[in-house]
Amino acid sequence: MSKERARRRAEREALAAREKAAAARRRRRREALRRLKPTLPRRRRTGRLLARRNRYERAGIAAVTTVLVAAAWFLVDPLGLRLVLIVLLVLVLPAVVVIALGRRT
């Protein structure tokens, strides 16, 4: 009976050793492939407002918007029409910026 238990234990240990060796081979293979594969930099979002625009483009957007708001305020007489023009400018501004400063060529 003890010879039978020893034989089964030896079989279990041999099986465990084979599985451990196979796992080690898989791990080494994955690590070798990871070393060979070129890594690409991770693209992360910046989380900043207007992050796609550089400093001069943002300054230009702000300057043009300020000039247009001032023109609507000083050149248009009725207050309701002034406010409508300013709201319309704020709503249309993102579309104009994308069309005018688009990155696609």
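For every chain, the first residue of the written sequence is number 1, and numbering continues from 1 along that sequence. Reporting in this predicted model follows two pLDDT cut-offs: at least 70 for local features of residues, and 80 or more for side-chain atom pairs to be given and counted; totals over whole chains, interfaces and linings ignore these cut-offs and use all residues. Neither water nor hydrogens contribute to the side-chain values; these are computed over all heavy atoms in the structure.

Student: It is not clear to me how the packing of aromatic side chains should be interpreted in this structure. Could you clarify?
Tutor: Between two aromatic rings, the relevant description is the distance of the centres plus the angle of the planes. When the centres of two rings from Phe, Tyr and Trp lie within 6.5 Å, Trp using its six-membered ring, the rings pair. Their planes under 30 degrees apart give stacked, over 60 give edge-to-face, and anything left gives tilted. Summed over all chains, the structure comprises zero aromatic pairs. Lysine NZ or arginine CZ positioned within 6 Å of the ring centre and within 35 degrees of the ring normal marks a charge as sitting over the ring. Over the aromatic face of W73 sits the side chain of R82, whose NZ or CZ is 4.7 Å from the ring centroid.

Student: Explain helix α2 (residues 55–75) here, please?
Tutor: Since the α-helix advances by 3.6 residues per turn, residues separated by three or four positions end up pointing in the same direction. What counts as a helix is a DSSP run of H or I of at least four residues, what counts as a strand is a run of E of at least two, and both are numbered from the N terminus. Take the number of residues in a helix, subtract one, and multiply by 1.5 Å to get its expected span. Look at α2: 30 Å from first C-alpha to last across 21 residues, which is about the 30 Å you get at 1.5 Å a residue. Relative accessibility thresholds used throughout: buried, under 20% of the residue-type maximum; exposed, over 50%; partly exposed, between the two (1.4 Å probe, protein chains only). By the burial criterion, the buried members of α2 are E57, I61, T65 and A72. Projected onto a plane normal to the axis of α2, the buried residues spread over an arc of 65° and lie on a single side. Residues R55, Y56, T66, V67, F74 and L75 are exposed on α2 and point more than 90 degrees away from its buried face. Two N or O atoms count as a polar contact when they lie within 3.5 Å, although within protein this holds only if one can serve as hydrogen donor and the other as acceptor, and sequence-adjacent residues are included solely when both atoms are side-chain atoms. The N-cap residue of α2 is N54: its side-chain oxygen and the backbone nitrogen of Y56 are 3.1 Å apart. Taken from the helix axis, the directions to the C-beta atoms give the arc we talk about.

Student: Explanation requested: the pattern of salt bridges in the structure shown.
Tutor: Oppositely charged side chains are able to pair whenever their charged atoms sit close together. In what follows, salt bridge is the name for a side-chain nitrogen of Lys or Arg lying within 4 Å of a carboxyl oxygen of Asp or Glu. Here the structure, examined in full by the defined rule, presents four salt bridges. A salt bridge links R7 to E4; the nearest nitrogen and oxygen atoms lie 2.3 Å apart. Placement of both R7 and E4 in helix α1 (residues 2–36) is noted, with a separation of three residues, approximately one turn of the helix. Where R9 meets E13, a salt bridge forms, and the shortest distance between an N and an O atom there is 4.0 Å.

Student: Please clarify how a nonpolar patch on the surface should be interpreted in this entry.
Tutor: A grouping of L81, V84, L85, V87, L88, L91, V92 and V96 is seen on the molecular surface, where their side chains present a nonpolar patch of about 700 Å² in accessible area. Looking at where L88 falls in the secondary structure, it is placed in helix α3 (residues 79–100). On the accessibility criterion, L88 (47% relative accessible area) is partly exposed. Nonpolar side chains (Val, Leu, Ile, Met, Phe, Trp, Tyr) within 5 Å and like charges within 9 Å form the patches, drawn only from residues with over 30% relative accessible area and no salt bridge. Accessible surface is estimated by sampling points in the Shrake-Rupley manner with a 1.4 Å probe; for residues, cover comes only from the protein chains shown.

Student: What's the story with the UniProt feature "transmembrane region" (unreviewed entry) in the protein in this structure? I'm lost.
Tutor: UniProt positions are given in the numbering used here, feature names are shortened, and annotations may be inferred rather than shown by experiment. When the UniProt feature table is mapped onto this chain, "transmembrane region" (unreviewed entry) is found at residues 59–76 and 82–102. Counting secondary structure, residues 59–76 comes out at 94% helix and 0% strand; the distance between its end C-alpha atoms is 25 Å. Annotated as 90% helix and 0% strand, the span residues 82–102 places its first and last C-alpha atoms 29 Å apart.

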